[in-house]
Amino acid sequence: MEINTVMVTGGTGYIGSWVVKDLLENGYNVRLAARNKSNKSKFEHLLKIAEAGRGALDIWEADLLKEGSFDEAAKGCEAVMHIASPFTLRFKDPQKELIDPALKGTRNVLNAATKSGTVKKVVLTSSVAAVHGDAIDMQEQGLEEFTEDHWNQTSSLKHQPYSYSKTLAEKEAWKMHDAQDQWKLLVINPSFVIGPSLTKTSDSESINLMKDMLGGKYKTGMPELWFGFVDVRDVAKAHLLALEKDYAEGRHILAERTMSMLDYAGIIGEKYGDEFKLPKSKIPKWMVYMIGWMFGMKRTFVKRNVDYPIRLNSEKSKRELGLNYTSIEESAADMVEQMTAQNLI
Ligand code: NDP
């Protein structure tokens, strides 16, 4: 299948910027569907990359919440990368700020793909949040690890709404995929993404958490919470591999490793010593119940997530996409270097 032009949503963001860079450097023409075309600060880094890239970059305007918004940009494209969705844990109204953009956005973007008549492949950025909800799910479901066969069954509008938004959006994408036969759907399910940022305007939790951690927010300790970790450049690479490999199918969990956030801080501490006010000790669970609000954690979240290790199986991404993972040590160091160089801490 020949692909020349790709419409990218969320290309101004943390992950999306690396995806756009890889596409341009590999000779694809990119139609960047930006939320606000006149806000150049969101994509000027991409215009610079495009000057040296082999492909051309065109800026279009579209909003996840506006029906039909992506129709024009998708016309004539052979592929769509749907990356846009709010990744924030700092919200007031989860329906408006998380669920609507995720779900309505997916409908709008995939409808545009169908209406184009030309789009043959859609790569969707889902998340491991659509694979599992709470860390305790692994134990409750009698699992040794989470794989692409599993779905988040425990998140809701009230409990872990971000994860719920990703689950609803991915399910909707598969439903829409099954109702047509024009385009193929490939899904990327990254775990927590780390590594250097190309954009200075992203409000992604990936960047906020690193700022908080290096800035000393957790210097008195951290609850034991487990995550998978993956480098942002590997996430972008996985999107490109999914686009290019004709035999790629289905969902792909991305994780170099699973470990606790405290162990992750330890990796940074090993390289940088006391340069940052990193957390060094674990806050016991009984205390997290009392002070969890300081970290924005509700009781149910604490109960079902603190002190429960998780395991994610990312073998499919290596086997079928051919992805080679960057070590977390390297990703973390590159992120620290980029953030210090740009005075972001
Ligand atoms: P960012 O916040 O950096 O990127 C979000 C992108 O979505 C931005 O380009 C943003 O545009 C766009 N967007 C948000 N709302 C709208 C809207 N209403 N209309 C049009 N565009 C909109 O986050 P990330 O790069 O971290 O996340 C990108 C994707 O990856 C999301 O789908 C997220 O769920 C997923 N993901 C992220 C992980 C992580 O650890 N970072 C892990 C797993 C999945 P604008 O620049 O205008 O704000």
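In what follows, the structure referred to is the one given above.
Residues numbered from 1 in each chain as written. Predicted model: local features only at pLDDT ≥ 70, side-chain atom pairs only at ≥ 80, totals over all residues. Heavy atoms only, no water.

## Observations regarding the overall build of the protein
In step 1: If you tally the helices and strands in the protein, you get 13 helices and 10 strands.
In step 2: For the C-alpha atoms alone, the extent of the protein along its principal axes is close to 55 × 45 × 40 Å.
In step 3: For the protein, with 345 residues in total, the buried portion stands at 60%.
In step 4: A sequence separation of at least 24 residues applies to 80% of the contacts in the protein between residues at least 6 apart.
In step 5: For the protein, the exposed surface amounts to about 15,200 Å²; the carbon and sulfur share of it is 49%.
In step 6: Counting 45 positive and 47 negative side-chain charges, the protein places the averaged centre of each group 5 Å from the other. (Helix = DSSP H or I, 4+ residues; strand = E, 2+ residues; numbered from the N terminus. Buried < 20%, exposed > 50% of the residue type's maximum accessible area, 1.4 Å probe, protein only. Contact = heavy atoms within 4.5 Å. Areas by Shrake-Rupley, 256 points an atom, 1.4 Å probe, with all protein chains shown as cover. Lys, Arg positive; Asp, Glu negative; His and termini not counted. Charge placed at Lys NZ, Arg CZ, Asp CG, Glu CD.)

## So, the side chain of Lys121
In step 1: One can find Lys121 in strand β5 (residues 121–125).
In step 2: No salt bridge forms around the buried Lys121; measuring N to O, its nearest opposite-charge neighbour Asp246 is 4.3 Å away.
In step 3: A polar side-chain atom of Lys121 sits 2.9 Å from the main-chain carbonyl oxygen of Ala242. (Salt bridge = Lys/Arg side-chain N within 4 Å of Asp/Glu carboxyl O. Polar contact = N/O pair within 3.5 Å; in protein donor to acceptor, adjacent residues only side chain to side chain.)

## Describing unusual backbone geometry
In step 1: Of note, the phi angle at Gln160 is positive, near 60 degrees, even though the residue is not glycine.
In step 2: When you line up the elements, Gln160 lands in the loop between α5 (137–140) and α6 (161–178).
In step 3: The backbone of Asn343 shows a phi angle near 55 degrees, a positive value even though the residue is not glycine.

## Structural notes on the packing of helix α7 (residues 205–215) against helix α13 (residues 328–341)
In step 1: With their axes 11 Å apart at the nearest point, α7 and α13 run at an angle of 80 degrees to one another. Judged on the interaxial angle alone, α13 and α7 are roughly perpendicular. Across the interface between the two elements, Ser206, Ile207, Met210, Lys211 and Leu214 from α7 touch Ala332, Met335, Val336 and Met339 from α13.
In step 2: Grouping the constituent residues of the contact of α7 with α13 by class yields 7 nonpolar, 1 polar and 1 charged. (Axes fitted to C-alpha atoms, helices over the stretch in contact; angles between N-to-C directions. Parallel < 35°, antiparallel > 145°, perpendicular 65-115°, else oblique. Nonpolar A, V, L, I, M, F, W, Y, C, P; charged D, E, K, R; others polar.)

## Re the packing of aromatic side chains
In step 1: Under the criterion given, the structure shown has 6 aromatic pairs.
In step 2: Consider the rings of Phe87 and Tyr162, whose centres lie 4.7 Å apart with planes at 40 degrees: the pair is tilted. Of this pair, Phe87 sits in the loop between β4 (79–82) and α4 (94–116) while Tyr162 sits in helix α6, and the two are 75 residues apart along the sequence.
In step 3: Between Tyr272 and Phe276 the ring centres are 5.8 Å apart and the planes differ by 70 degrees, which places this aromatic pair in the edge-to-face class.
In step 4: Note on Phe276: relative accessible area 10%, which makes it buried. (Phe/Tyr/Trp six-rings, centres within 6.5 Å; stacked < 30°, edge-to-face > 60°.)

## Focus on α13
In step 1: For α13, spanning 14 residues, the distance from its first C-alpha to its last is 20 Å, which sits close to the expected 20 Å at 1.5 Å a residue.
In step 2: Where α13 terminates, the next one or two residues include Asn343, which has phi positive at roughly 55 degrees. (Expected span 1.5 Å × (residues − 1).)

## Side note on the site of the ligand
In step 1: The environment of the ligand is made up of 26 residues, and the closest members are Thr12, Tyr162, Lys166, Ser202 and Ser204.
In step 2: One of the backbone nitrogen or oxygen atoms of Ile15 is found 2.9 Å away from an oxygen atom of the ligand.
In step 3: Val193 places a polar main-chain atom, nitrogen or oxygen, 2.8 Å from an oxygen atom of the ligand.
In step 4: In the complex, the protein chains occlude 93% of the 890 Å² of accessible area that the ligand would expose alone.
In step 5: Residues of the shell around the ligand, tallied by class, amount to 11 nonpolar, 11 polar and 4 charged. (Near = heavy atom within 4 Å.)

## What to know about α4
In step 1: For α4, with 23 residues, the first-to-last C-alpha span of 31 Å sits near the 33 Å given by 1.5 Å per residue.
In step 2: Largest kink in α4: about 40 degrees, centred on Asp100, with the proline Pro101 one to four residues after it.
In step 3: One side-chain oxygen of the residue at the start of α4 lies 3.1 Å from the amide nitrogen of Gln95, identifying that residue as Asp93.
In step 4: Following α4 by one or two positions, Gly117 has its phi on the positive side, about 75 degrees. (Bend = angle between axes of the 7 residues up to and from the residue.)

## A few points about the environment of Val302
In step 1: Within the secondary structure layout, Val302 lies in helix α11 (residues 299–305).
In step 2: Residues Val302 and Met176 lie 126 residues apart in sequence; the distance between their C-alpha atoms is 35 Å.
In step 3: Filtering out sequence-adjacent residues up to four positions away, Val302 remains in contact with Lys285, Val288, Tyr289 and Met297.

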